[in-house]
Amino acid sequence: MPARPARPPAPDSGARDACGVVGIYTPDEPVAKLCYYGLYALQHRGQESAGIAVSDGHHILVTKEMGLVSQAFKASRLAGLDGHLGIGHVRYSTTGSSTWHNAQPSFKVTGQGGGIALGHNGNLVNTVELSRDVPGGDNCTSDSELLAAMLAAHPSRSLEDALVATSERIRGAFSLVVMDERTVYGVRDRHGVRPLVIGRLPHGGSVIASETAALDILGAELLREVRPGELVAIDEHGLRSRQWAEPSPRFCLFEYVYVARPDHRTQETTMYAARRRMGALLAKEAPVPADLVIPVPDSGTAAASGYSEASGIPHAEGLVKNRYVGRTFIEPSQSLRELGIRLKLNPLRDVLEGQRLVVVDDSIVRGNTSRQLVAMLRESGAAEVHLRITAPPVRNPCFYGIDMATRAELIGSDRTIEEIREFVGADSLAFLSLDALVDSTRRPKGTLCRACFDGEYPIPVPGEHAVAGKDVLVQLRSS
Ligand code: SF4
């Protein structure tokens, strides 16, 4: 049995999303509305809180609230956010730090009396050391607040110079949107662990966002990804770039498996096409005689169609997803938690009855969800359940912005595949190999972070005490 979790599990015990950011400069449209729609497209990256900061060139206004984008911003509040440049943020965090105070954008006043607003997707690994060097750093309750405090306290008179100097000091994964009264900046760590793209708005101006879906919803044209180690600035003079560090790309492999929307585009592929390839490769690596391939919606959907096409086994929807179940700031009661997977998925008995099923899912993190799923499919009449996972076992925790679990909670950390199969109760269980997963991304293996699968952390983390102390991490883990 897996070790008892240090905190109560959320209703879905799989990997959590990261955060989503958007930054916009537009000469002649109310920017708050554009940020709002951009955040809508990024809602899957964080459902606990949402915030927008705007500037009219003179003053920064910030609004943030707990809950989904649709709950956080009332029309009257958006109408009061007057400005032509702005940033937005949707947040996922650990339960303990899910507070209004930690919602982003974080805002600080500089020594010169100006304002700085900041939204962060990622996770820093040297916050303890950094917090000692910043006035008031000990009181910061998220790494994003600490970053904003570092920028505000920086002696440079230019936010751009302060950003470059600060980026050189911080360690970890960060895709940032930052603004003062006149300029919006996007910054990516030198490994480019978390995504960040730039686009051109149809009526002038530019947008920086976590995923291309935010550009699509605004009718913006994708220009390119922000390069690892690059700072981009957008203001009245247009778009400019500064390469502040030598790039050493290590893009998150798990974004392909689960986190990013299927319509997110990289230079090489869409997530949808990559997931279909994962399914096809899985069919080659782990074939099984069966009657039906069904996905675990939504992240298994594209891969299941790929598995079906490659194997010749028909494909059907066997599970209906309740699309309105997301994380909120209200921790569900014990009785609701016990409903487990039934809150989220409902089986179609007439599709499943008597069938030998191939069930395609994206990952197994703690194993509890998969166990409930297999039991539910059997109760619905499935003759056999063969679980196929489009990634290798998750054996190590993530320190770069995806909240999976502690090492002790990860079922893959110390069990064989046969032991995991036994725990989840499937007739057979197979994981996609790491090489096949990498192939499906169309990127060279050396340019990807694969640490949760193979333990090779591209950015050193401060050892196992950080694993054990994930719930405390000086309360600085934010996104
Ligand atoms: S450890 Fe895993 S989830 Fe975290 S950044 Fe690396 S590949 Fe992504």
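It should be noted that the structure appears before, not after, this text.
For every chain, the first residue of the written sequence is number 1, and numbering continues from 1 onward in sequence order. At least 70 in pLDDT is required for a residue's local features to be given in this predicted model, at least 80 for side-chain atom pairs to be given and counted, and no such filter applies to totals for whole chains, interfaces and linings, which use all residues. Computation of side-chain values: all heavy atoms of the structure, hydrogens and water removed.

**Quick notes on the overall build of the chain**
Of regular secondary structure, the chain possesses 17 helices and 21 strands. With 479 residues in all, the chain has 59% of them scored as buried. Contacts spanning at least 24 positions in sequence make up 72% of the contacts within the chain whose residues lie at least 6 apart. Strands are runs of DSSP state E lasting at least 2 residues, helices are runs of H or I lasting at least 4, and numbering of each runs from the N terminus. Using a 1.4 Å probe on the protein chains alone, a residue whose accessible area is under 20% of its type maximum counts as buried, one over 50% counts as exposed, and one in between counts as partly exposed. The contact criterion used is simple: two residues touch if any of their non-hydrogen atoms lie within 4.5 Å.

**Some points on the site of the ligand**
Throughout, the term near means that a residue has one or more heavy atoms lying within 4 Å of the molecule or strand in question. The immediate surroundings of the ligand are formed by Val193, Arg194, Cys252, Leu253, Phe254, Cys398, Tyr400, Ile402, Met404, Cys449, Ala451 and Cys452. If you list the elements that add at least two residues to the shell around the ligand, you get helix H8 (253-259) and helix H16 (451-454). Put simply, Ala, Val, Leu, Ile, Met, Phe, Trp, Tyr, Cys and Pro go in the nonpolar bin, Asp, Glu, Lys and Arg in the charged bin, and everything else, Gly too, in the polar bin. Here the residues of the shell around the ligand sort into 11 nonpolar, no polar and 1 charged.

**Some details on the sheet that holds strand E15 (residues 292-295)**
The criterion for strand pairing is that DSSP finds at least two bridges linking the strands in question. Read across the sheet, 4 strands follow the order E15-E18-E19-E20 without closing on themselves; strand pairing throughout is parallel. At either margin of the open sheet sits one strand with a lone partner, and together these are E15 and strand E20 (428-431). If you compare each strand with its neighbour and ignore which way they point, the axes differ by 20° on average. Both strand E18 (residues 356-361) and strand E19 (residues 384-389) contribute to a ladder of 6 bridges, which runs parallel. Looking across to E19, one finds that Val360 is bridged to Arg388. Inter-axis angles, ranging from 0 to 180 degrees, are taken between N-to-C directions of lines fitted to C-alpha atoms, where helices are fitted over the stretch in contact. Strand contacts of helix H13 (residues 368-379): E15, E18 and E19, with the helix running at about 150° to E19, the strand carrying the most contacts.

**Brief notes about the packing of helix H9 (residues 271-285) against helix H15 (residues 434-441)**
At their nearest, the axes of H9 and H15 sit 8 Å apart, and the two run at 145° to each other. For H9 against H15, the interelement crossing comes out right-handed. Here Ala274, Arg277, Met278, Leu281 and Glu285 of H9 lie close against H15, whose contacting residues are Ala436, Leu437, Asp439 and Ser440. Across the contact of H9 with H15, the residue classes tally to 5 nonpolar, 1 polar and 3 charged. In a left-handed crossing the near helix is turned counterclockwise from the far helix by less than a right angle, and in a right-handed crossing that turn is clockwise.

**Here we look at unusual backbone geometry**
It is generally the case that most residues other than glycine have a negative phi and that most peptide bonds are trans. A cis amide bond, omega 10°, links Gln104 with the succeeding residue Pro105. You can see Pro105 is positioned in the loop between strand E4 (85-91) and strand E5 (106-109). In this chain, Pro297 is followed by Asp298 through a cis amide linkage whose omega measures 0°. Inspection of the secondary structure assignment puts Asp298 in the loop between E15 and helix H10 (301-311). In this structure, Arg442 is a non-glycine residue whose phi angle is positive, near 65°. In this structure, Arg442 sits in the loop between H15 and strand E21 (448-449).

**Details of the pattern of salt bridges**
What counts as a salt bridge is simple: a side-chain nitrogen of Lys or Arg found within 4 Å of a carboxyl oxygen of Asp or Glu. Counted by the stated rule, this structure contains 28 salt bridges. In this structure, Asp216 and Arg265 form a salt bridge, with 3.2 Å as the shortest nitrogen-oxygen distance. In this pair, Asp216 is assigned in helix H7 (residues 212-217) and Arg265 in the loop between H8 and H9, connecting sequence segments 49 residues apart. Exposure remark for Asp216: the relative accessible area of 36% places this residue in the partly exposed category.

**Comments concerning H15**
For H15, the buried fraction is high: 6 of the 8 residues fall into the buried class. Regarding H15, the residues found buried are Leu434, Ala436, Leu437, Val438, Ser440 and Thr441. For H15, the secondary structure elements touched by its buried residues are H8, H9, E21 and H16. Downstream of H15 by one or two residues, Arg442 has phi in the positive range, about 65°.

**Quick look at the nonpolar core**
Residues belong to a common nonpolar core when they are buried Ala, Val, Leu, Ile, Met, Phe, Trp, Tyr or Cys residues joined through side-chain atoms within 4.5 Å. By size, the foremost hydrophobic cluster in this structure holds 50 residues, and its most contacted members are Phe254, Tyr307, Tyr400 and Phe453. Listing elements by their share of this core, those giving two or more residues are strand E14 (251-252), H8, H9, H10, E18, H15, E21 and H16. Among the elements that line this core, the one with the most residues is H8, at 6 residues. The contacts of Tyr307, once residues within four sequence positions are left out, are Gly279, Ala280, Leu282, Ala283, Ala286, Pro287, Val288, Val293, Ile313, Val358, Val360 and Arg388. The next biggest cluster of nonpolar side chains, apart from the first, holds 28 residues, and it includes Phe73, Ala209, Ala214 and Ala220.

**Quick notes on the packing of aromatic side chains**
Working definition: a ring pair exists when centres of Phe, Tyr or Trp rings (six-membered ring for Trp) sit within 6.5 Å. Plane angles under 30 degrees give stacked, over 60 give edge-to-face, the rest tilted. For the coordinates displayed, the defined rule picks out 9 aromatic pairs. Both rings, one in Tyr36 and one in Tyr37, keep their centres 5.4 Å apart while their planes meet at 70°; by these two values the pair is edge-to-face. The exposure class assigned to Tyr36 is buried, which follows from its relative accessible area of 13%. Seen from their ring centres, Tyr400 and Tyr457 are 6.1 Å apart, and the 80° between their planes marks the pair as edge-to-face. Note that Tyr400 is positioned in the loop between E19 and helix H14 (417-424) and Tyr457 in the loop between H16 and helix H17 (464-468), a separation of 57 residues in sequence. Under the relative-accessibility criterion, Tyr400 is labelled buried at 1%. Classification of Tyr457 as partly exposed rests on a relative accessible area of 21%.

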